[in-house]
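Structural features, examined
Spelled out from the first residue to the last, the chains are:
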Amino acid sequence: MNILVTGGAGFIGSNHVRYLLRNSDDRVVNLDLLTYAGNLENLAGCEDDPRYRFVRGDIRDRELLRTLLQQEAIDAVVHFAAESHVDRSVEGPEVFITTNVLGTEILLEESRAAGVRKFVMVSTDEVYGSLGSEGHFTENSPLAPNSPYAASKAAADLLCRAFFKTFGFPVVVTRCSNNYGPYQFPEKLIPLMIANALEGKPLPVYGDGLQVRDWLFVEDHCRAVDLALRHGRPGGVYNVGGGNEMRNLDLVHLLLDKLGLGRELITFVADRPGHDRRYAIDASHITAELGWAPSVDFATGMARTVDWYLAERAWWEKIRTGRYVEYYDLMYGPGRRHAGGV
Ligand code: NAD
Ligand code: DAU
């Protein structure tokens, strides 16, 4: 197969490109705009593989998509490209709508016109909104997104449903919980806490730190997406989750213990507006239908992740300069949204 991966220079996308090159004979064309989150260093070594090609471009660029889909005789699309950070969507929602909603719609239209045979939409569990202390999200839970990011993903997710219902276009949707692992951009909780701790900077915990996330090692997500591509039912929706609920504060404690550091850097800061309290996934449908289950337990995955950030310090140090410093100041600087000491 010739597979177009969008957003393949980001965190999950780059792990997925590596997964495909390692585990299949397929050709992989990676289309990525290289926004602040895209980084070709995430793909070091891949360019030596004759089955791999990188194209810098925008999923909103219809002409580019038309040419690329035809030129590369694309059989299948795996769609990761998105603006992905909730906090950024609070500061500036517009690009979340143009990229995540309009970009997905243009990609769907052009893929359909080009005769693509399978399209996987990498959606998220955030489309379901927030849970109380009990229960899990199933594929039948109502969509109730709470952040501009989540709302934009819900719109894209539902456009996929509409393309299947209206045109019979073979789309499969996956809705996964929080991923962790190598190459995650250090704006997200785990890499941000590791990098700050190693540099002796405050660890900004939002609100009371008792929000719960369900963590999954990134390679397990990639395997689920690949199963959805090869065996997922057209029109199907599959929840993907680690069965691994943890409170943010407990996670930060665990990271500090692993790094051999004390807790004095923890700083409780103003909460994220609209902050979802708890996510938890019921993944029994993908287990029953596609035989998927997580293969990396949390202890092993966390050890691999912490080791990777320790070994690849140059990778995240380079990112945490220039534009990143401006971003950090906008979010966490004195008088800003997540200013410390609350
Ligand atoms: P990321 O921010 O690390 O990567 C996003 C990639 O998309 C970047 O390489 C960026 O350059 C690219 N991109 C952005 N706009 C683009 C555009 N207009 N055209 C082409 N490329 C563009 O994100 P991630 O954490 O790897 O998430 C990937 C996907 O998985 C997203 O769709 C996200 O919603 C979804 N998801 C993420 C998680 C998670 O825990 N990170 C969980 C479930 C689902
Ligand atoms: O559930 C899937 C989603 O997981 C994906 O769709 C998103 O793309 C991905 O970013 C992630 O969203 P979260 O908002 O859950 O991830 P984040 O790492 O930003 O935050 C995790 C939790 O940690 C959340 O409760 C907010 C909290 N947090 C985060 C940051 C960055 C803090 O307490 N302090 C912080 O500085």
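First things first, this report covers the structure right here in the doc. (Residues numbered from 1 in each chain as written. Chains lettered and ligands numbered in written order. Predicted model: local features only at pLDDT ≥ 70, side-chain atom pairs only at ≥ 80, totals over all residues. Heavy atoms only, no water.)

Here we take up the packing of aromatic side chains. The full count for this structure, using the stated rule, is 18 aromatic pairs. On the numbers, 4.8 Å between centres and 25 degrees between planes, the contact of Tyr128 with Phe137 is stacked. Phe137 shares its class with Tyr128; the two are buried. Chaining the aromatic ring pairs together yields one cluster made of Tyr36, Phe185, Tyr324, Tyr327, Tyr328 and Tyr332. The positively charged end of Arg112 is found above the aromatic ring belonging to Phe167, 3.9 Å away from the centroid. The cationic tip of Arg213 hangs over the ring face of Tyr279; the distance from NZ or CZ to the ring centre is 4.0 Å. (Phe/Tyr/Trp six-rings, centres within 6.5 Å; stacked < 30°, edge-to-face > 60°. Buried < 20%, exposed > 50% of the residue type's maximum accessible area, 1.4 Å probe, protein only. Lys NZ or Arg CZ within 6 Å of the ring centre and 35° of its normal.)

Core analysis: the biggest nonpolar cluster contains 61 residues, and Val17, Val78, Ile190 and Met302 have the highest contact counts within it. Leave out the neighbours within four places in its chain, and Val17 touches Val5, Gly8, Val28, Asn30, Leu43, Cys46 and Tyr52. Counting residues in hydrophobic clusters, the runner-up holds 23 residues, among them Leu4, Val116, Met121 and Phe169. (Core = buried A, V, L, I, M, F, W, Y, C linked by side-chain atoms within 4.5 Å. Contact = heavy atoms within 4.5 Å.)

On to the site of ligand 1, then. Close to ligand 1 lie 29 residues, the nearest being Ile12, Asp32, Ser84, Tyr149 and Lys153. Measuring from an oxygen atom of ligand 1, one finds a backbone N or O atom of Ile12 at 2.8 Å. One of the backbone nitrogen or oxygen atoms of Leu34 is found 3.5 Å away from an oxygen atom of ligand 1. Isolated, ligand 1 exposes 840 Å² of accessible area, and the fraction of that covered by the protein chains is 96%. When residues of the shell around ligand 1 are traced back to their parent elements, those giving at least two are α1 (11–23), β5 (118–124) and α5 (148–167). (Near = heavy atom within 4 Å. Polar contact = N/O pair within 3.5 Å; in protein donor to acceptor, adjacent residues only side chain to side chain. Areas by Shrake-Rupley, 256 points an atom, 1.4 Å probe, with all protein chains shown as cover. Helix = DSSP H or I, 4+ residues; strand = E, 2+ residues; numbered from the N terminus.)

Regular strands place their side chains on alternate faces of the sheet. A large share of strand β2 (residues 27–32) lies buried, amounting to 5 of its 6 residues. Pairing of strand β1 (residues 2–6) with β2 involves 5 bridges; the strand directions are parallel. Among the inter-strand pairings, Leu4 is bridged to a residue of β2, identified as Val29. For the segment spanning β1, α1 and β2, crossover handedness is right-handed. Relative to strand β3 (residues 52–56), β2 runs parallel, the two being bridged by 5 bridges. Residue pairing across strands places Val29 opposite Arg53, the latter belonging to β3. (Pairing = 2+ DSSP bridges. Right-handed = clockwise from strand over helix to strand, strands pointing away.)

On to the sheet that holds β2, then. Taken in spatial order, the 7 strands make up an open sheet running β3-β2-β1-β4-β5-β6-β11, and their pairing is parallel. Bordering the open sheet on either side are β3 and β11 (237–240), each of which pairs with just one other strand. Between one strand axis and the next, the sheet turns by 20 degrees as a mean value, whatever way the strands run. (Axes fitted to C-alpha atoms, helices over the stretch in contact; angles between N-to-C directions.)

Taking burial as the measure, the 6 residues of strand β6 (residues 171–176) include 6 buried ones, the bulk of the element. Burial of β6 is two-sided: the residues Val171, Val173 and Arg175 facing one way and the residues Val172, Thr174 and Cys176 facing the other way are all buried. Taken together, the 6 bridges between β5 and β6 define a ladder with parallel strand orientation. Within β6, the position partnered with Val122 by the bridge is Thr174. The β-α-β motif built from β5, the intervening α5 and the parallel element β6 has right-handed crossover chirality. Relative to β11, β6 runs parallel, the two being bridged by 4 bridges. From the neighbouring strand, Cys176 faces β11, where its bridge partner is Val240.

The next thing to look at is the pattern of salt bridges. Inspection of every chain in the model, using the stated rule, returns 28 salt bridges. Residue Glu109 is joined to Arg62 by a salt bridge in which the shortest nitrogen-to-oxygen separation is 3.4 Å. Separated by 47 residues along the polypeptide, Glu109 in helix α4 (residues 94–113) and Arg62 in helix α2 (residues 62–71) bring together distant segments of the chain. When the shortest N-O distance is used, the salt bridge between Lys188 and Glu187 registers 3.5 Å. For Lys188, a relative accessible area of 17% puts it in the buried group. By sharing partners, the salt bridges in this structure join Arg62, Glu63, Arg66, Glu109 and Glu110 into a single network. (Salt bridge = Lys/Arg side-chain N within 4 Å of Asp/Glu carboxyl O.)

Okay, the site of ligand 2 next. Taken together, 26 residues sit near ligand 2, with Thr124, Asp125, Tyr149, Arg272 and His275 positioned nearest. Thr124 is positioned with one of its side-chain polar atoms (N or O) 2.7 Å from an oxygen atom of ligand 2. Of the residues contributing to the shell around ligand 2, the split by class is 11 nonpolar, 8 polar and 7 charged. (Nonpolar A, V, L, I, M, F, W, Y, C, P; charged D, E, K, R; others polar.)

The next thing to look at is helix α8 (residues 248–259). With 12 residues, α8 should cover 16 Å at 1.5 Å per step; its first-to-last C-alpha distance of 17 Å lies within 8% of that length. Looking at the buried positions of α8, the neighbouring elements they touch are α6 (189–198), β8 (203–206), β9 (212–214), β12 (245–247), β13 (266–269) and α10 (298–311). One or two positions beyond α8, positive phi appears at Gly260, with a value near 70 degrees. (Expected span 1.5 Å × (residues − 1).)

The next thing to look at is helix α12 (residues 323–332). Where α12 is concerned, the buried positions are Tyr324, Tyr327, Tyr328, Met331 and Tyr332. Considered in projection along α12, the buried side chains sweep an arc of 100 degrees and stay on one side of the axis. Residues of α12 that are exposed and angled more than 90 degrees away from the buried face: Arg323 and Glu326. For α12, the elements touching its buried residues are α3 (86–91), α6, β8 and α11 (313–319). (Arc of directions from axis to C-beta.)

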